[in-house]
Amino acid sequence: MRRIQALDKEHDPKQIQTAVERAAVKELELSFRPMFGGIMAYVGGRAFASVSNRGLALKLGSEKQDELLAIEGSRRLQYEPAAPVSKTYVLVPDAMLSRPKELRQWLQQSAAFVAAATAKKRKTT
């Protein structure tokens, strides 16, 4: 089991937002809204990424979470040491923020996951 890393590195959410905007393809229709001291990123009106002083966390299904967690520097989102660890959001490695091509692939994975999850919910009602 992977150990939770110390939560001492602070990130600038605005710089992360800029990295996301540069990496994303225009078809994603990104929007951003302030939320709880950070920024929530939306694609097609659906929340898919958390941008905070902890870094960029993407909402992913369990298979893709495992794939991202296998990359050095990634970890599950945890806002504070005493807070619970997220079951759906995974922080991307800091180095990925400066690699737009690689980041773009993960942004698209997250966007596809939230679109599919929303579509499934709508079919069952």
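Residues numbered from 1 in each chain as written. Predicted model: local features only at pLDDT ≥ 70, side-chain atom pairs only at ≥ 80, totals over all residues. Heavy atoms only, no water.

(A) View of the environment of Val25. With respect to the helices and strands, the residue Val25 is situated in the loop between helix H1 (13–23) and strand E1 (30–35). C-alpha separation for the pair Val25 and Arg104, spaced 79 residues apart in sequence, amounts to 7.3 Å. With near-sequence residues (within four places) excluded, Val25 lies in contact with Arg104 and Gln108. (Helix = DSSP H or I, 4+ residues; strand = E, 2+ residues; numbered from the N terminus. Contact = heavy atoms within 4.5 Å.)

(B) View of the sheet that holds strand E2 (residues 38–43). The six strands lie next to each other as E1-E2-E3-E4-E6-E5, forming an open sheet whose pairing is antiparallel. The sheet terminates laterally at E1 and strand E5 (75–76), the two strands that pair on one side only. Bridge analysis of strand E3 (residues 46–52) against strand E4 (residues 55–59) gives four bridges, and the strand direction is antiparallel. By the bridge assignment, Ser52 is partnered in E4 with Gly55. (Pairing = 2+ DSSP bridges.)

(C) Spotlight on the packing of aromatic side chains. Tallied over the entire structure, the rule returns zero aromatic pairs. Arg33 extends its terminal NZ or CZ atom over the ring of Tyr42, reaching a point 4.0 Å from the ring centre. (Phe/Tyr/Trp six-rings, centres within 6.5 Å; stacked < 30°, edge-to-face > 60°. Lys NZ or Arg CZ within 6 Å of the ring centre and 35° of its normal.)

(D) Region of interest: the nonpolar core. One finds Phe48, Leu56, Leu58 and Leu107 to be the most contacted residues of the largest nonpolar core, which totals 27 residues. Take this core: its biggest share by element is five residues, from helix H3 (residues 100–124). Counting residues in hydrophobic clusters, the runner-up holds six residues, among them Met40, Tyr42, Leu77 and Leu91. (Core = buried A, V, L, I, M, F, W, Y, C linked by side-chain atoms within 4.5 Å. Buried < 20%, exposed > 50% of the residue type's maximum accessible area, 1.4 Å probe, protein only.)

(E) Spotlight on the pairing of E2. In terms of residue burial, E2 counts as a mostly covered element, since six of its six residues are buried. A loop of two residues connects E1 with E2, the two strands running antiparallel in sequence, and Phe36 in this loop sits at a positive phi of about 50°. In terms of strand pairing, E2 meets E3 through five bridges, oriented antiparallel. Counterpart to Ile39 in the pairing with E3 is Val51.

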